[in-house]
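Results of the structural survey
So you can see what is in the structure, the chains are spelled out below.
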Amino acid sequence: MVRLKGCTEIGSEFHWMGLPQGPFLPWPKPLVFFSAGRDAVLSLWNTLQGIPPKKLFVPHYFCDEVAKWWSMQGICICRYDHGPYYTVPNGNTLQVSAGDAVLAVNYFGVQDGEWWAKWRDANQDVVLVEDHSHDPMSTWARNSTADFAFASLRKTLPVPDGAILW
């Protein structure tokens, strides 16, 4: 654990496991690299068709520090009920309007994305952004039909920072 002037960071540290021999899966295309996942979403927000969406719906089980940072950057954050303790999000709390954006999170890389694919089909006027930080090479991530997807690479890879947006 590292302590820096009132901040505490835990996690994202890996023991040396040696270099894998392959085969390797390619990164999705097209993609852009960023220093952090929060930067990828902010950049996306600032460039979406020249006009950012009205609100970004973020699951309750999502890093409060990141959601507050996005809010300080001018993104209107709304929360909905979802987390690793749900098999699917609580759709009753996901009350979106045309022009909003929703962040869908693949918690621990174990979800299949079927619920979100159906939700996406029924909500074509909402921007769907998927967070695949816990498994950027999952079947869901590789076959995503979302408008955009991103992954904070330090969550699963032995790197200090970095993110991809595709």
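Everything here concerns the structure above.
Each chain has its residues counted from 1, running along the sequence as written. Given that the model is predicted, a residue must reach a pLDDT of at least 70 before its local features are reported, and side-chain atom pairs must reach 80 or more before they are shown or counted; all residues, however, enter totals for whole chains, interfaces and linings. Derived side-chain values reflect all non-hydrogen atoms in the structure, with water molecules and hydrogen atoms excluded from consideration.

Points about the environment of G74
Checked against the element boundaries, G74 lands in the loop between α2 (64–72) and β5 (77–80). Residue G74 is classed as exposed on the basis of its relative accessible area, which comes to 59%. Through-space distance from the C-alpha of G74 to that of L42 is 9.3 Å; in sequence the pair is 32 residues apart. The helix count covers DSSP runs of H or I at least four residues long, the strand count covers runs of E at least two residues long, and both are numbered beginning at the N terminus. Only protein chains enter the accessibility calculation, which uses a 1.4 Å probe. A residue is then buried if its area is under 20% of the maximum for its type, exposed if over 50%, and partly exposed in between.

Focus: the sheet that holds β5
For two strands to count as paired, DSSP must find a minimum of two bridges between them. The strand order across the open sheet formed by 7 strands is β3-β9-β8-β7-β6-β4-β5, and the pairing between neighbours is mixed. At either margin of the open sheet sits one strand with a lone partner, and together these are β3 (32–34) and β5. Averaged over all adjacent pairs, the angle separating strand axes in this sheet is 25 degrees, with direction ignored. Only heavy atoms matter for contacts: two residues are in contact if any of them lie within 4.5 Å across the pair. Interaxial angles span 0 to 180 degrees and are taken between N-to-C directions of axes, which are lines fitted to C-alpha atoms, for helices over the stretch in contact. Packed on one face of the sheet, helix α1 (residues 37–47) meets β3, β4 (56–59), β6 (101–105), β7 (127–131), β8 (148–152) and β9 (163–165) and runs near 155 degrees to β8.

A look at α2
When α2 is considered as a whole, its buried residues turn out to be V66, A67, W69 and W70. Angularly, the buried residues of α2 cover 160 degrees about the axis, an arc narrow enough to put them on a single face. Exposed residues on α2 whose side chains face more than 90 degrees from its buried face are E65, K68 and M72. Turning to α2, the residues buried within the fold contact α1, β4, β5 and β6. In the stretch just after α2, G74 is the one whose phi turns positive, near 105 degrees. Think of the arc as the fan of directions from the helix axis to the C-beta atoms.

Observations concerning the nonpolar core
Buried Ala, Val, Leu, Ile, Met, Phe, Trp, Tyr and Cys residues that are joined via side-chain atoms within 4.5 Å together make up what is termed a nonpolar core. Counting 21 residues, the largest nonpolar core has L56, F62, W70, L103 and F150 as the members making the most contacts within it. If one sorts the elements of this core by residue count, α1 sits on top with 5 residues. Dropping the residues within four chain positions of it, W70 is found in contact with R38, V41, L42, L56, V58, F62, I75, I77 and L103. Membership of the second largest hydrophobic core comes to 12 residues, among which are Y80, L94, W116 and W119.

A look at the side chain of E130
Its location among the elements puts E130 in strand β7. In this tally, Lys and Arg are treated as positive and Asp and Glu as negative; His is ignored, and so are the chain termini. The term salt bridge refers to a side-chain nitrogen of Lys or Arg lying within 4 Å of a carboxyl oxygen of Asp or Glu. Salt bridges are absent for the buried E130, whose nearest opposite-charge side chain, R120, sits at 7.9 Å. Here a polar contact is recorded for every N or O atom pair within 3.5 Å, except that within protein the pair must consist of a potential hydrogen donor and a potential acceptor, and residues adjacent in sequence are included only if both atoms are side-chain atoms. Of the polar contacts made by the side chain of E130, one reaches the side chain of H132; its length is 2.8 Å. A distance of 3.0 Å separates the side chain of E130 from the side chain of W140, its partner in a polar contact.

Focus: the packing of aromatic side chains
Aromatic pairing here means that ring centres of Phe, Tyr or Trp (its six-membered ring) are within 6.5 Å. Orientation follows from the plane angle: under 30 degrees is stacked, over 60 is edge-to-face, and everything else is tilted. Per the stated rule, a full pass over the model turns up 7 aromatic pairs. Aromatic pair Y61 and Y107: ring centres 5.5 Å apart, planes at 75 degrees, arrangement edge-to-face. Here Y61 is found in the loop between β4 and α2, whereas its partner Y107 is found in the loop between β6 and α3 (114–122), with 46 residues between them in sequence. For Y107, a relative accessible area of 3% translates into the label buried. With a centroid separation of 6.1 Å and an interplanar angle of 75 degrees, the aromatic rings of Y80 and W116 are classed as edge-to-face. You can see Y80 sitting in strand β5 and its partner W116 sitting in helix α3, a full 36 residues away along the chain. With a relative accessible area of 0%, Y80 lands in the buried category. Overall, the relative accessible area of 3% leaves W116 in the buried class. Among the aromatic residues, ring-to-ring pairing joins Y61, Y85, Y86 and Y107 into one connected group. Lysine and arginine charges are scored as sitting over a ring when NZ or CZ, respectively, is within 6 Å of the ring centre and within 35 degrees of the ring normal. Above the plane of the ring of W69 lies R38, whose end atom (NZ or CZ) is 5.4 Å from the centre.

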